[in-house]
Amino acid sequence: MPEPERPEPFRSAGGGTPLPAVEAETMGGLGGTPEVPGAPGAPQGTGVQPGSGRARSLWSDAWHDLRRNPVFIVSGLLILFFLLIAVWPSLLTGTDPLDCDITLSQEGARGGHPFGFDTQGCDVFARTVYGARASVTVGVCATAGAALLGGVLGGLAGFFGGWWDALLSRIADMFFAIPMLLGGLVFLSVVSSGSVWPVVGFIVLLGWPQLARIARGSVLTVKQADFVQAARALGAGNTRLLLRHLAPNAVAPVIVVATIALGTYIALEATLSYLGVGLKPPTVSWGIDISEASKQIRNAPHMLLWPAGALSLTVLAFIMLGDAVRDALDPKLR
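1. Re the packing of aromatic side chains
Under the definition given, this model contains 9 aromatic pairs. Between Trp-163 and Trp-164 the ring centres are 6.1 Å apart and the planes differ by 85°, which places this aromatic pair in the edge-to-face class. Looking at Trp-163, the relative accessible area reads 64%, which means it is exposed. By relative accessible area, Trp-164 is classed as partly exposed at 26%. Following the ring pairs from residue to residue traces out a cluster consisting of Phe-81, Phe-82 and Trp-286.

Here it is in structure tokens:
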């Protein structure tokens, strides 16, 4: 009987050693080309840049998602607008917020004064625009200070552990026991200055423990990763481990919490100014204007509407931005 015909051995496109047909099918089927992540027909969700064949980093992957998130776009535009008028309020109004005419007290909108006037005859539109400077300055500076102090102390505690970790945890517990609002009433009531810096210092003083705990937990998680253990085995020192390996991979949760806290700090400053212990005149602040307008809410509601609306919109924008950044940086929420 004639011997049955055997399949022809598979050869790659460039020649070379023939492979058995079964092995050829395993590598890529009839075409003999293995699937490459990111190539057409390859499984999706591989985290590879299309057309480049290179895997995206956490930050580039997060930016890729943020650009397609309408919440991030809307909140980012709002924040950009408030930052712009905080730096250059003269772009929107040429009126001096401290130039008041008592004869115009509590009058409504008129030409050139779309928001009307307050009790002292000051332009509400100009005070609303200029009030963004104090509120945004307090929020940004307090958040930067609390994130820097809490991130450094928490990261060092998580990395070294031992008595340093125990000492920091007990100190943080002491600050956690102080309510922010009550602490502000006590601390700022003995401060005569009505500028933004005592308020910033107080928020940093009571705000760093929260970010320190976040940084500590993140460093403890990243410290157990294989790439950190490999770097340590290859002789990397503590400074290199902290700056090159731990910090870039542990900072994401701190950024998320700090972004959300920024809006909270702006609301806290307005609350303290409303109660009379935060910013004080002649500083222009939304909290001060809300405090003055609350006494005349029935006679002139426009005095309260505009600064309160600007404050609410700013706080909402930062909270929305924090939620969008959290969704982009947390792989479990993808």
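2. Quick look at the state of the cysteines
In the structure shown here, the tally under the stated rule is 1 disulfide. Through a disulfide, Cys-100 is tied to Cys-122; the S-S separation comes to 1.6 Å. The chirality of the disulfide connecting Cys-100 with Cys-122 is right-handed, given an S-S dihedral of about 75°. Of this pair, Cys-100 sits in the loop between α3 (70-87) and α4 (124-160) while Cys-122 sits in the loop between α3 and α4, and the two are 22 residues apart along the sequence. The exposure class assigned to Cys-100 is partly exposed, which follows from its relative accessible area of 32%.

3. Some words on helix α9 (residues 238-250)
The end-to-end C-alpha separation of α9 is 15 Å, well short of the 18 Å expected for 13 residues at 1.5 Å each. Among the residues making up α9, those that are buried are Leu-241, His-245, Leu-246 and Ala-250. Those residues of α9 hidden inside the fold are in contact with α4, α7 (196-223), α8 (226-233) and α10 (252-274).

4. Describing the packing of α7 against α10
Orientation of α7 relative to α10, taken along the N-to-C sense of each, is 155°, at an axis distance of 11 Å. Classed by the angle they form, the pair α7 and α10 counts as roughly antiparallel. At the point where α7 passes α10, the crossing takes the right-handed sense. Residues Val-199, Phe-202, Ile-203, Gly-207, Gln-210, Leu-211, Ile-214, Ala-215 and Ser-218 of α7 lie in contact with α10, whose contacting residues are Pro-253, Val-254, Val-257, Ala-258, Tyr-265, Leu-268, Glu-269 and Leu-272. Counted by class, the contact of α7 with α10 contains 13 nonpolar, 3 polar and 1 charged residues.

5. Some points on the nonpolar core
Among the nonpolar cores identified, the biggest contains 34 residues, and Ile-266, Trp-286, Leu-311 and Leu-329 are the most heavily contacted of them. Those elements that place two or more of their residues in this core are α2 (58-66), α3, α4, α10, α11 (286-293) and α12 (302-329). Among the elements that take part in this core, α12 stands out by supplying 12 residues, more than any other. Counting residues in hydrophobic clusters, the runner-up holds 24 residues, among them Ala-134, Ala-215, Ala-261 and Leu-268.

6. Comments concerning the packing of α7 against α9
One way to put it is that α7 packs onto α9 with a least axis distance of 9 Å and a crossing angle of 125°. Between α7 and α9, the crossing angle belongs to the class labelled oblique. Crossing handedness for the pair α7 and α9: right-handed. From α7, Ser-218, Val-219, Val-222 and Lys-223 reach across to α9, where they touch His-245, Leu-246, Asn-249 and Ala-250. When its residues are assigned to classes, the contact of α7 with α9 shows 4 nonpolar, 3 polar and 1 charged.

7. A closer look at the pattern of salt bridges
Enumeration over the complete set of coordinates arrives at 8 salt bridges. With its nearest N and O atoms 2.7 Å apart, the salt bridge here joins Asp-165 to Arg-216. Taken as a pair, Asp-165 in helix α5 (residues 162-176) and Arg-216 in helix α7 lie far apart in primary sequence, 51 residues in all. A relative accessible area of 27% places Arg-216 in the partly exposed class. Ionic pairing is found between Asp-173 and Arg-213, a salt bridge with its closest N-O pair at 2.4 Å. Of this pair, Asp-173 sits in helix α5 while Arg-213 sits in helix α7, and the two are 40 residues apart along the sequence. Taking relative accessible area as the criterion, Arg-213 reaches 48% and is therefore assigned partly exposed. Salt bridges linked by common partners bring Arg-170, Asp-173 and Arg-213 together as one network.

Calculation criteria
Residues numbered from 1 in each chain as written. Predicted model: local features only at pLDDT ≥ 70, side-chain atom pairs only at ≥ 80, totals over all residues. Heavy atoms only, no water. Phe/Tyr/Trp six-rings, centres within 6.5 Å; stacked < 30°, edge-to-face > 60°. Buried < 20%, exposed > 50% of the residue type's maximum accessible area, 1.4 Å probe, protein only. Disulfide = S-S within 2.5 Å. Helix = DSSP H or I, 4+ residues; strand = E, 2+ residues; numbered from the N terminus. Expected span 1.5 Å × (residues − 1). Contact = heavy atoms within 4.5 Å. Axes fitted to C-alpha atoms, helices over the stretch in contact; angles between N-to-C directions. Parallel < 35°, antiparallel > 145°, perpendicular 65-115°, else oblique. Left-handed = near helix turned anticlockwise from the far one by under 90°. Nonpolar A, V, L, I, M, F, W, Y, C, P; charged D, E, K, R; others polar. Core = buried A, V, L, I, M, F, W, Y, C linked by side-chain atoms within 4.5 Å. Salt bridge = Lys/Arg side-chain N within 4 Å of Asp/Glu carboxyl O.

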